[in-house]
Amino acid sequence: MISIAIPEDLHYERPTEKIKTLDVPSLDGSITAGLKKYQDASQGYTLGAFERLPQEQESVNKARLYIFHRPADAQVVQIYRVPHPEDDSLDLERVTHFNMGTGITIVNFSPIVGDDWHGSWRAGGAIFAMDLDGSEKFQLWQTLSRRFWENSGNVLPALPTELDNKPGKGRIERLTHDGFRYSQITVSGSNKIFAYLSTKENGKDTLVYIAKLTSSPEKGTQPTDADVLALNSRLITAPTQASGKTSWWNIQSISPDDKSIILTKLQGSSSQPLYIVDISDPSAPPVEPELIVLPGAASPEGAVAIRRAKFSQTPGQEHLLYIITDAYGDFTSVITYDIQNRSVAHITTPEPSLRSIGPIPWNTQRLTVSPKYVLFTANVEGWSNLFVFPLEGEHQGKVILMKFEQETCAMTYITNASNEEPWHVILNIASSRTAYSLFSLDLRLTLEKVEKDEEGQYISNASVKPYSQAQALTPEYRTLPPRLLKYRSFDDLPISAMYYHPFESQKPAPLIISIHGGPASQSTSLSKMPIHGYLLNELGCAIMYPNVRGSDGYGKRFMAADDVEKREDSVKDIGSLLGYIQTSMKEEILSDRIAVVGSSYGGYMTYACLVHYSPQLRCGVATCPIGDWPSFLKNTADYRRANRRLEYGDESDPAICEFLTNISPLNHAQKVTVPLMTSHGENDTRVPVEEAIKMWSMVKRNGVHTELLVARGEGHGLSFFFLLRRFLTE
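Since this is a predicted model, take the numbers as computed values, not measurements.

Chemist: So what about the overall build of the chain? Which residues, and what values?
Modeler: A count of helical and extended segments in the chain gives 12 helices and 42 strands. Over its C-alpha atoms the chain spans a radius of gyration of 26 Å, differing by no more than 12% from the 27 Å that the globule rule assigns to 730 residues. With respect to the principal axes defined by its C-alpha atoms, the chain has extents near 70 × 60 × 55 Å. Across the 730 residues that make up the chain, the buried fraction comes to 59%. Within the chain, counting contacts between residues at least 6 apart in sequence, those at least 24 apart form 61% of the total.

Put into structure tokens, the structure is as follows:
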């Protein structure tokens, strides 16, 4: 093992207030100018949620929709509202005017009917988690609705913990005030309670808490208490007592009667068991949740992954759970589990012996359950398909594929079930041509005509209505759909990649291999680097997005094929790709103009590829990369460490530590013989910035050109690819 210290005499250049650099030449102004049209077209609109209305207002008012968009005058994403899908208004109301520079991330945006935390009823608004500096220490915040105060004539007193949101009309109040992490806000259907995750108990365990939204609401009264709010919540799950171990719970669903909560426990990518907790007694101490064992599961108990679990919303069937799991095969499927009699019924499980209603031989995702419909998507080799499973009516019990005129590389959705309109579905669709845009779908109309194809699949041709005020810009440049490329790795394992060629494979082009992070993630038909279009059109580069072993989307065996001692087998998948290019793609790719890039785990892959395959590469660009496995595992955030050890190995085990040390790129930096650029967020809590500084120092010491860029006030996941243009075109 090579002893590596961070140099004490670093003399950063500061081209801007937020950027520190080492050995990075001034950026050619033509690059900035040339990128603008690509950046503008990438700013799409993403889904938030429908606001929640009191039942007595649902017939009078129509719930509006919260969405997210980054406007031209802001450095960060802002919150907007658009009208109900039946409203023909083209309003696009901006709720926030965050002006705090970069680093802001908003997650878990959850509208509420209202609260009485300050002693008076406040209608509407939403609770969300937000991080202001990239450290991922998300705090809980609340946006306060305009509707109640406008209608009542009251003026909300300024709060000491309120963000300056001028000139916005939305009010943003901070609910928590510490350095711990909050996430997974889940509001109950009754709006009486909400659950969330936090590390506040000990800084290590990610535990479940419940807080009341209402206790004695007095609707219409004027608030007088503007003191700092101390959110009163109770701990549901007990901290881990075992030395060196941590717990990471995930919230799945709160029962319709608010008496039970369904949880999963994160034990790595392949093991996420299912649990239930009785929360009916507000004075009960934290407990160890009760494990739910699925009968007849094909996998050992510890290797079952529950991806989604939702209580039935159908009256009289509250004991039924809808679940997405890989417990009965290689792929995740939709099943039901009856809590009372502990039985399972299969909806999409593809194994013939299980006699599913509508088998789907791909991973299912994004489960939504309402009293009338169950919706989910299937990931078919990187493309999204939407399915509906009606719970009543003519097509009850059929698995129906929704087909759209629009290209749907990727799709997310929400329903308006919380406002008694489960048939109103809002789709967030992105294609190979445009960024995410919003459309509305009425399931009542869509299900009027359902047909059966030759293979027995029920199909409905869905007609959608675009939100014209929430459509991404049509690019002013050429766009290309991906081509699915497949090749065999060193051990004959099939590997796929999304492939783009600037000249439609008619003449050779330089190639950029972009490797995703995770590692249990996936490069889909939508996956693109921020400068994807610029590289294709302005630089004439081909681009590949490979899904090496360990990627999601190809079954749990494939996802586990890189665990611990098999880590470098995923690096060999890139070596096999380079060999495939040499033997089978000479007419398409300039083999002496190949770069490799990646972020996070993809950054490790970039480093490792430069260590093993420098003679076959022109350069590498790594963002927030892992350079030293033992150091990374010791220094990553406490709440992440146990979970990451399950994937990468436990560095506290001497034998595993020796193995991880031997494969760490930092200990082989002398093998990097081509230019390297590394960028990193200074506030990254997943992969400490010291990893990047050490690699820059080692490669530079060996006389190889290397550049380092550190972003102040940023965390994990920024991306800079300035180096590519010079070394791919020179």
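On we go.
Chemist: Talk me through the packing of helix H6 (residues 567-584) against helix H7 (residues 601-613); I want residue IDs and the actual numbers.
Modeler: One can describe the packing of H6 onto H7 by two numbers: an axis separation of 10 Å at closest approach and a directional angle of 60°. Helix-helix and strand crossings are classified by hand; for H6 and H7 the assignment is right-handed. Facing Arg567, Glu568, Ser570, Val571, Lys572, Ile574, Gly575 and Leu578 of H6, the residues of H7 in contact are Tyr601, Tyr604, Met605, Ala608, Cys609, His612 and Tyr613. Across the contact of H6 with H7, the residue classes break down as nine nonpolar, three polar and three charged.

Chemist: Tell me about the confidence of the model for the chain, residues and numbers included.
Modeler: The predicted model of the chain averages 87 in pLDDT, with 90% of residues at 70 or higher. Predicted confidence for residues 147-154 stays below pLDDT 50, and this span has 18 contacts to residues more than four positions away or in other chains. Note on residues 719-730: pLDDT is under 50 here. Beyond four places in sequence and across chains, it has 51 contacts.

Chemist: Got a sec to walk through the packing of aromatic side chains? Specific residues and values, please.
Modeler: According to the stated counting rule, one finds 22 aromatic pairs in the structure shown. Pairing Tyr182 with Tyr196 gives two aromatic rings, centres 5.8 Å apart and planes at 40°, and the pair type is tilted. Here the residue Tyr182 occupies a position in strand S13 (residues 182-187), and Tyr196 occupies one in strand S14 (residues 193-198), the gap between them amounting to 14 residues. For the pair Tyr182 and Tyr196, a shared accessibility class is recorded, and that class is buried. A centroid spacing of 5.6 Å and a plane angle of 10° characterise the contact between Phe376 and Phe387, whose relative ring orientation is stacked. Linking Phe376 in strand S26 (residues 373-380) with Phe387 in strand S27 (residues 383-390), this pair joins segments that are 11 residues apart in sequence. This pair shows no difference in class: Phe376 is buried, exactly as Phe387 is. By way of ring pairs, the aromatic residues Trp117, Tyr182, Phe194, Tyr196 and Tyr209 are connected into one cluster. One Lys or Arg, Lys20, reaches over the ring of Tyr12 and ends 4.5 Å from the middle of that ring. We note Lys200 situated over the ring of Tyr209; from NZ or CZ to the ring centre the distance is 4.6 Å.

Chemist: Could you give me a rundown of the environment of Ile414, with the residues and numbers involved?
Modeler: Relative to the elements of secondary structure, Ile414 occurs in strand S29 (residues 410-416). Sequence separation between Ile414 and Leu47 is 367 residues, and the spatial gap between their C-alpha atoms is 7.8 Å. Residues in contact with Ile414, not counting those within four places in the same chain, are Leu47, Gly48, Ala49, Phe50, Leu65, His424, Val425 and Ile426.

Chemist: Go over the side chain of Thr96 with me, naming the residues and quoting the values.
Modeler: Along the chain, Thr96 turns up in the loop between strand S6 (93-94) and strand S7 (105-111). Of the polar contacts made by the side chain of Thr96, one reaches the backbone nitrogen of Ile79; its length is 2.9 Å. Sequence-distant contacts of Thr96, defined by excluding residues within four places in its chain, comprise Gln78, Ile79, Asn165 and Ile172.

Chemist: Talk me through the nonpolar core; I want residue IDs and the actual numbers.
Modeler: Ranked by size, the top nonpolar core spans 53 residues in total, and within it Tyr604 and Trp629 carry the most contacts. Per-element accounting of this core gives the leading share, nine residues, to H7. Excluding residues within four positions of it along the chain, Tyr604 makes contact with Arg567, Glu568, Val571, Pro625, Ile626, Trp629, Ile663 and Pro665. Ranked by size, the runner-up nonpolar core spans 32 residues in total, among them Val187, Ala195, Ile251 and Val277.

Chemist: Describe in detail the sheet that holds S14, supporting the description with residues and values.
Modeler: Strand order in the open sheet formed by four strands is S13-S14-S15-S16, and the pairing between neighbours is antiparallel. At either end of the open sheet lies a strand with only one pairing partner, and these are S13 and strand S16 (233-235). Averaged over neighbouring strand pairs, the angle between their axes works out to 25° when direction is ignored. The pairing of S14 with strand S15 (residues 207-212) spans six bridges and is classified as antiparallel. Bridge assignment links Leu197 to a residue of S15, and that residue is Val208.

Chemist: Any chance you could break down the side chain of Ser110 for me, citing the residues and the numbers?
Modeler: With respect to the helices and strands, Ser110 occurs in strand S7. Polar contacts involving the side chain of Ser110 include one to the main-chain carbonyl oxygen of Ile185, which spans 3.3 Å. The contacts of Ser110, once residues within four sequence positions are left out, are Ala126, Ile127, Ile185 and Val187.

Chemist: Kindly report on the environment of Glu587, identifying the contributing residues and their values.
Modeler: Within the secondary structure, Glu587 sits in the loop between H6 and strand S39 (589-599). Sequence separation between Glu587 and Ala637 is 50 residues; the distance between their C-alpha atoms is 47 Å. Contact partners of Glu587, with chain neighbours within four places excluded, come to Ser505, Lys507 and Pro508.

Chemist: Residue-level account of the pairing of strand S4 (residues 65-69), with values.
Modeler: For S4, the buried fraction is high: five of the five residues fall into the buried class. Both strand S3 (residues 45-50) and S4 contribute to a ladder of five bridges, which runs antiparallel. Its bridge partner lying in S4, Phe50 is registered against Leu65. Bridge analysis of S4 against strand S5 (residues 78-82) gives five bridges, and the strand direction is antiparallel. By the bridge assignment, His69 is partnered in S5 with Gln78.

Chemist: Outline the pattern of salt bridges, supporting the account with residue identities and numerical values.
Modeler: Under the defined criterion, the tally for this structure stands at 24 salt bridges. For the salt bridge of Asp40 with Lys36, the shortest nitrogen-to-oxygen distance reads 2.7 Å. One end of the pair is Asp40 and the other is Lys36, both in helix H1 (residues 29-41) and four residues apart, which spans about a single turn. One network of salt bridges, with partners in common, ties together Glu51, Arg64, Arg81 and Glu93.

Rules and cut-offs
- Residues numbered from 1 in each chain as written.
- Predicted model: local features only at pLDDT ≥ 70, side-chain atom pairs only at ≥ 80, totals over all residues.
- Heavy atoms only, no water.
- Helix = DSSP H or I, 4+ residues; strand = E, 2+ residues; numbered from the N terminus.
- Rg over C-alpha atoms; globule rule 2.2 N^0.38 Å.
- Buried < 20%, exposed > 50% of the residue type's maximum accessible area, 1.4 Å probe, protein only.
- Contact = heavy atoms within 4.5 Å.
- Axes fitted to C-alpha atoms, helices over the stretch in contact; angles between N-to-C directions.
- Left-handed = near helix turned anticlockwise from the far one by under 90°.
- Nonpolar A, V, L, I, M, F, W, Y, C, P; charged D, E, K, R; others polar.
- pLDDT = per-residue confidence, 0-100.
- Phe/Tyr/Trp six-rings, centres within 6.5 Å; stacked < 30°, edge-to-face > 60°.
- Lys NZ or Arg CZ within 6 Å of the ring centre and 35° of its normal.
- Polar contact = N/O pair within 3.5 Å; in protein donor to acceptor, adjacent residues only side chain to side chain.
- Core = buried A, V, L, I, M, F, W, Y, C linked by side-chain atoms within 4.5 Å.
- Pairing = 2+ DSSP bridges.
- Salt bridge = Lys/Arg side-chain N within 4 Å of Asp/Glu carboxyl O.

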